[in-house]
Amino acid sequence: MTMHAKAKHQLQGEIREISCRDEYCRMTIAAPAICHVAAAGQFVMVKPAADKSNDPLFRRPFSLHQVVDGLLTIIFKIVGRGTRNLAKMQAGEVLDVVGPLGKGFQLSSEPRHYLVGGGMGIAPLHLLAESINRQNPQSEIIALLGARTARELDAFADLQDLRFLRVELATDDGTAGHHGLVIDLLERAVAAGGRGAVYSCGPWPMMKAVALYCRAKQLPCQVSLETVMACGVGACLGCAVSGADVAGDGYLHVCKDGPVFEAGKIWL
Amino acid sequence: MVVNKPDLTVAIGDWQLANPIMTASGTFGYGAEFADFVNLNRLGAIVVKGVSVKPRIGNPPPRIVETACGMLNAIGLENPGIDKFLTEKMPQLQNFTCGVVVNILGDSLEEYCTLAERLKETAIAAIEVNISCPNVKKGGVAFGTDARMVYEVTRCVRERSNKPIIMKLSPNVTDIAAMAAAAEEGGASAVSLINTLLGMAIDIRTRRPKLANKVGGLSGPAIKPIALRMVWQVAQRVKVPVIGIGGISTVEDVVEFLLAGATAIQIGTANLINPGVAEELVDGLENYLLENKIAAVKELINGLLA
């Protein structure tokens with residue numbers, strides 16, 4: 001690597017807005033330097049700036065949901081102590097933010113795009129949809145979103161506001177949209193609408209089903225993976241996932257080689 | 001009144017470091033990963049990820065677990081091997097003006113010696129020898145936990161290399177000072193300690209270990225008191241410089257290790273949490289010396305009062 005303009009930044013980002021409903025939180029952070037270079041599918045790692053307790057020790061990684069005018073928005077679910085501490089923060093408080101990290105989505109030149117999200121994996125699809133639309137406003141973009149309940153999908157209601165995006169929903173309990181799996185929506189949409197590029201982020205069983213379907217249909221498919229992560233910059237090698245050919249290629253690293261991978265590059 | 005800048009330089013044998021702040025192997029990649037966050041040339045030295053003769057793919061995931069004030073890791077020494085290291089990593093490392101230390105690891109005595117020899121023609125500042133986990137071919141006794149083997153590895157690497165040799169010691173022993181003495185006797189230029197402490201974490205829901213490797217090395221602030229005690233014990237025992245490692249993340253931590261007898265220190269897990277920490281500590285140490293009217297960092301080394 002030669003000397004280059006900074007691709008990653010560490011900065012003190014003021015929280016501008018935070019709102020939590022049930023265990024789902026949305027947080028908007030002032031981070032102009034990061035927003036300036038950020039791309040869909042990349043992530044940031046955050047820690048309350050004032051927290052010097054070392055417990056919990058790690059930063060927490062979150063994909064970029066929206067990037068507007070130097071403000072970045074993340075959406076997260078309270079799952080443990082790290083996210084609970086973040087949920088307690090208030091507007092005006094400061095986060096130590098590192099990013100943007102990792103390799104984001106490659107925007108396909110296909111005329112049609114299927115964005116398949118499950119649960120918190122829906123978060124990066126907002127910025128992705130906007131990026132595809134910006135690259136080619138003629139693109140047909142279809143979001144197929146799945147969650148356990150309608151309540152979970154409420155956290156992503158803002159996707160419904162994107163006028164260039166067609167949204168279809170599925171829930172495990174039938175409280176919104178199709179009562180069943182999001183893969184059903186993808187199969188139906190492709191059968192009705194035709195081929196397109198597929199982008200997926202969500203629980204592993206969902207992404208695996210999407211990737212296997214795409215392989216069978218020979219559709220280009222990218223998946224965004226999530227793992228436990230310490231450094232986020234490719235130093236600790238803690239976030240390993242098996243490559244498609246483990247014996248030959250060994251492991252890939254989610255923070256540096258991903259989080260977005262061509263589905264064919266990883267072990268399904 | 002002119003305020004003189006404090007003298008941050010320290011020496012490990014003939015090797016002069018601009019300051020005592022180094023980065024620990026396995027927590028700083030090959031330096032380039034941190035170039036956006038740290039001016040690498042301001043550091044005393046960077047120690048790169050351990051390299052072996054043959055490439056290693058490392059352990060299956062999960063490889064890391066967050067614990068109270070620390071982390072467990074079982075990365076499995078993933079690295080591209082010495083050939084790729086020399087052709088792909090070494091050229092970019094030569095762009096840095098700070099000292100570059102290459103950490104080496106082997107499965108056998110011959111592998112350590114081979115690695116030392118392969119690094120002869122490079123412009124690196126020193127070699128750090130990881131004798132914390134690998135097993136000896138014959139008998140299966142860990143290199144770093146048997147004083148005789150520590151001596152053998154040190155002597156072989158010393159004989160086959162023209163660089164300063166730092167022996168990185170394991171804390172998973174009864175008497176770490178005996179290991180340090182064996183390294184000194186074998187011709188080590190310095191010893192660095194501690195590597196991680198063997199630990200474990202269990203998921204009570206699945207009743208399985210949280211690491212695929214079942215056990216792993218504990219690092220981070222949780223281990224600092226143990227590391228500090230071991231550095232102090234080793235510094236009493238050997239004459240060669242001691243490099244302190246273990247949970248260092250603040251200027252106070254750095255000063256504690258220097259007072260305990262360390263000539264330099266390495267930042268490890270803290271790099272993973274705060275990528276800018278190494279340079280922050282160079283600034284912080286300078287400010288500490290200024291505020292306390294200490295002219296040279298050397299005055300702190302071994303400065304512990306009875």
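Residues numbered from 1 in each chain as written. Chains lettered and ligands numbered in written order. Predicted model: local features only at pLDDT ≥ 70, side-chain atom pairs only at ≥ 80, totals over all residues. Heavy atoms only, no water.

S.K.: I'd like a description of the overall build of chain B, backed by residues and values.
M.R.: Across its full length, chain B carries eight helices and 16 strands. Here the C-alpha atoms of chain B give a radius of gyration of 18 Å, agreeing with the 19 Å that 2.2 N^0.38 yields for 306 residues. Expressed as lengths along the three principal axes of its C-alpha atoms, the size of chain B is roughly 65 × 50 × 40 Å. With 306 residues in all, chain B has 59% of them scored as buried. If you sum the accessible surface of chain B, you get close to 12,500 Å²; carbon and sulfur atoms cover 52% of it. Charge centroids of chain B, computed over 29 positive and 30 negative side chains, lie 7 Å from each other. (Helix = DSSP H or I, 4+ residues; strand = E, 2+ residues; numbered from the N terminus. Rg over C-alpha atoms; globule rule 2.2 N^0.38 Å. Buried < 20%, exposed > 50% of the residue type's maximum accessible area, 1.4 Å probe, protein only. Areas by Shrake-Rupley, 256 points an atom, 1.4 Å probe, with all protein chains shown as cover. Lys, Arg positive; Asp, Glu negative; His and termini not counted. Charge placed at Lys NZ, Arg CZ, Asp CG, Glu CD.)

S.K.: So what about the pattern of salt bridges? Which residues, and what values?
M.R.: Tallied over the full model, the rule gives 26 salt bridges over all chains. Measuring nitrogen to oxygen at the nearest pair gives 2.7 Å for the salt bridge that ties B:Arg42 to B:Asp283. In this pair, B:Arg42 is assigned in the loop between strand E3 (21–23) and strand E4 (45–51) and B:Asp283 in helix H8 (residues 277–291), connecting sequence segments 241 residues apart. Residue classification places B:Arg42 among the partly exposed residues on the basis of a relative accessible area of 28%. B:Arg56 is paired through a salt bridge with B:Asp107; the nearest N and O atoms lie 3.2 Å apart. With B:Arg56 in the loop between E4 and strand E5 (64–67) and B:Asp107 in the loop between strand E7 (99–104) and helix H2 (109–118), the pair connects residues that are 51 residues apart, well separated along the chain. A relative accessible area of 23% means that B:Arg56 is categorised as partly exposed. Through salt bridges with shared partners, a single network forms among A:Arg112, A:Glu140, A:Arg166 and A:Glu168. (Salt bridge = Lys/Arg side-chain N within 4 Å of Asp/Glu carboxyl O.)

S.K.: Describe the interface of chain A and chain B, listing the residues and the values that go with them.
M.R.: Listed as interface residues are 33 residues of chain A and, on the opposing side, 34 residues of chain B. Both faces considered, chain A and chain B share a buried interface measuring about 2,800 Å² in area, 61% of it formed by carbon and sulfur atoms. In terms of surface lost to chain B, no three residues of chain A exceed A:Leu57, A:Phe58 and A:Tyr251, which account for 21% of the buried area on that side. Put simply, chain A and chain B have one salt bridge between them. Across the salt bridge formed by A:Arg60 and B:Glu66, the nearest N and O atoms sit 2.8 Å from each other. Remark: the boundary between chain A and chain B carries 11 residue pairs in polar contact (both at pLDDT 80 or more). Elements with a minimum of two residues in the side of chain A that touches chain B: strand E1 (9–21), strand E14 (240–242) and strand E15 (251–253) of chain A. (Contact = heavy atoms within 4.5 Å. Buried area = accessible area lost by both parts, 1.4 Å probe. Polar contact = N/O pair within 3.5 Å; in protein donor to acceptor, adjacent residues only side chain to side chain.)

S.K.: Describe in detail the pairing of E4(B), supporting the description with residues and values.
M.R.: Residue and element names in this part refer to chain B. In terms of burial, E4 is largely enclosed, as seven of its seven residues are buried. The pairing of E4 with E7 spans five bridges and is classified as parallel. Directly across from Ala45, in E7, lies its bridge partner Gly99. (Pairing = 2+ DSSP bridges.)

S.K.: Lay out H2(B) in plain terms, naming residues and giving numbers.
M.R.: Residue and element names in this part refer to chain B. Every buried residue of H2 is accounted for by Tyr112, Cys113, Leu115 and Ala116. Down the axis of H2, the sector holding all buried residues measures 160°, keeping them to one side. The secondary structure elements touched by the buried residues of H2 are E4, helix H1 (81–93), E7, strand E8 (126–130) and helix H3 (147–160). (Arc of directions from axis to C-beta.)

S.K.: Now, about unusual backbone geometry: what can you tell me, with residues and values included?
M.R.: Residue A:Gly258 is joined to A:Pro259 through a cis peptide bond whose omega torsion reads 15°. Looking at the secondary structure, you find A:Pro259 in the loop between E15 and strand E16 (260–262). Following B:Pro61, the chain continues into B:Pro62 via a peptide bond in cis, with omega recorded as 0°. On the secondary structure map, B:Pro62 appears in the loop between E4 and E5. Even without being glycine, B:Cys69 reaches a positive phi, approximately 55°. For B:Cys69, the location among the structural elements is in the loop between E5 and strand E6 (70–73). Looking at B:Cys69, the relative accessible area reads 22%, which means it is partly exposed. The phi dihedral of B:Lys214 is positive, around 70°, even though this residue is not glycine. With respect to the helices and strands, B:Lys214 occurs in the loop between strand E13 (208–209) and strand E14 (215–219).

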